[in-house]
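Read off the chains here:
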Amino acid sequence: MDAQFWDDRYSSQAQLFSGDPNGVLVTELADLPPGQALDVGCGEGADALWLARRGWLVTAVDISRVALERAAGFGTDVEERVSWKCGDLTTAPPPADAFDLVCVHYFPFPRRPEHTALHGLLSAVAPGGTLLFVGHDITGLPERLDDGHAPADYYQPAEVAELLGGDWTVTVNETRPRIVPPPPGSHHTHDTVLRAHRAR
Ligand SMILES: C[S@@+](CC[C@H](N)C(=O)[O-])C[C@H]1O[C@@H](n2cnc3c(N)ncnc32)[C@H](O)[C@@H]1O
């Protein structure tokens, strides 16, 4: 699932996702005071724009230029509060200790034995900051989906929770029904949600 895969996927439709922010984001973060946020794999930008409209300064990163151009077009009202950046977060880690919030929704993060890229991403949360890492519950899914990828090849939130060091407090680590039902034909009926606070 490289940049070409995602550009092709976004280019196949005028708009791939609903344009609404993810339900878990809204539920978990409505009361969090704004600061600096990193949206990992921001896609068409609905989460980044929801945050920016609530006063956050958002760095929104995606590997797909098609998605980023679309996202910027949707967000002209908050363009001074969102920085759209094209990058591969599995090879180029974000700056360390830089964000009060790092949010990760349905990001296909390939598992690696040393977890170097994952630790790079976790380090981006500043002391005192919050990590929100949300995935699809893969229980009962086929080993390989129709598009050929294997869900078990990617980090799941519960696994990320186990890899957090002693500086972290996990406040949510659970599976929930999706707040907004999945699109027709989707395998994904439940979310897996990790929320954690970095103390130091
Ligand atoms: C399933 S979509 C989710 C988009 C958005 N977070 C949402 O919930 O609507 C996954 C996104 O991750 C992006 N992506 C995939 N691999 C990436 C990588 N290595 N670095 C940065 N973005 C990546 C894709 O382009 C896509 O926009």
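What comes next concerns the included structure.

## Some points on the sheet that holds strand S5 (residues 125-136)
Through backbone hydrogen bonds, the strands of a sheet pair up, either in parallel or in antiparallel fashion. One open sheet holds the seven strands; their spatial order is S3-S2-S1-S4-S5-S7-S6, and the pairing between them is mixed. Each edge of the sheet is formed by a strand with only one pairing partner; in this case those strands are strand S3 (82-86) and strand S6 (168-177). With direction set aside, neighbouring strand axes in the sheet form an average angle of 15 degrees. In this sheet, strand S7 (residues 190-198) lies alongside S5 in antiparallel orientation, the contact comprising seven bridges. Along S7, the bridge assignment pairs His-136 with Asp-191. Helix H4 (residues 65-74) contacts strand S2 (57-62) and S3 of the sheet and is inclined by roughly 165 degrees relative to S3. This element, helix H5 (residues 116-123), spans strand S1 (36-40), strand S4 (99-105), S5, S6 and S7 of the sheet and lies at about 125 degrees to S5.

## Examining helix H1 (residues 3-11)
Within the span of H1, buried status applies to Trp-6, Asp-7 and Tyr-10. Looking straight down H1, one finds that the buried residues subtend no more than 100 degrees of arc, so they occupy a single side. Against H4 lie the buried residues of H1.

## Things to note about the pattern of salt bridges
Under the criterion given, the structure shown has nine salt bridges. Glu-80 is the partner of Arg-81 in a salt bridge, and the nearest nitrogen-oxygen pair spans 3.5 Å. Looking at Arg-81, the relative accessible area reads 26%, which means it is partly exposed. Between Arg-176 and Glu-174 there is a salt bridge whose closest N-O contact spans 2.6 Å. Since its relative accessible area comes to 37%, Glu-174 is described here as partly exposed. Bridged by salt links that share partners, the residues Glu-28, Glu-174, Arg-176 and Arg-195 form one connected network.

## Notes on the nonpolar core
In terms of nonpolar packing, the biggest core is built from 23 residues, with Val-102 and Leu-131 touching the most fellow members. Put simply, the parts of the chain that give this core at least two residues each are S1, S4, H5, S5, helix H6 (157-163) and S7. Once residues lying within four places of it in the same chain are set aside, the contact partners of Leu-131 are Val-102, Val-104, Leu-122, Val-125, Val-160, Leu-164, Trp-168, Leu-194, Arg-195 and Ala-196. Ala-52, Ala-60, Leu-68 and Leu-132 belong to the second largest nonpolar core, which has 22 residues in total.

## Quick notes on the site of the ligand
Near the ligand lie 18 residues; those nearest to it are Tyr-10, Asn-22, Gly-41, Asp-62 and Asp-88. In this structure, Asn-22 approaches the ligand through a side-chain N or O atom, which is 2.8 Å from an oxygen atom. Here Asp-62 contributes a side-chain N or O atom positioned 2.5 Å from an oxygen atom of the ligand. Within the complex, 92% of the 590 Å² of free accessible area of the ligand lies under protein. Each residue belonging to the shell around the ligand can be placed in one class, and the counts come to nine nonpolar, seven polar and two charged.

What counts, and at which threshold
Residues numbered from 1 in each chain as written. Predicted model: local features only at pLDDT ≥ 70, side-chain atom pairs only at ≥ 80, totals over all residues. Heavy atoms only, no water. Pairing = 2+ DSSP bridges. Helix = DSSP H or I, 4+ residues; strand = E, 2+ residues; numbered from the N terminus. Axes fitted to C-alpha atoms, helices over the stretch in contact; angles between N-to-C directions. Contact = heavy atoms within 4.5 Å. Buried < 20%, exposed > 50% of the residue type's maximum accessible area, 1.4 Å probe, protein only. Arc of directions from axis to C-beta. Salt bridge = Lys/Arg side-chain N within 4 Å of Asp/Glu carboxyl O. Core = buried A, V, L, I, M, F, W, Y, C linked by side-chain atoms within 4.5 Å. Near = heavy atom within 4 Å. Polar contact = N/O pair within 3.5 Å; in protein donor to acceptor, adjacent residues only side chain to side chain. Areas by Shrake-Rupley, 256 points an atom, 1.4 Å probe, with all protein chains shown as cover. Nonpolar A, V, L, I, M, F, W, Y, C, P; charged D, E, K, R; others polar.

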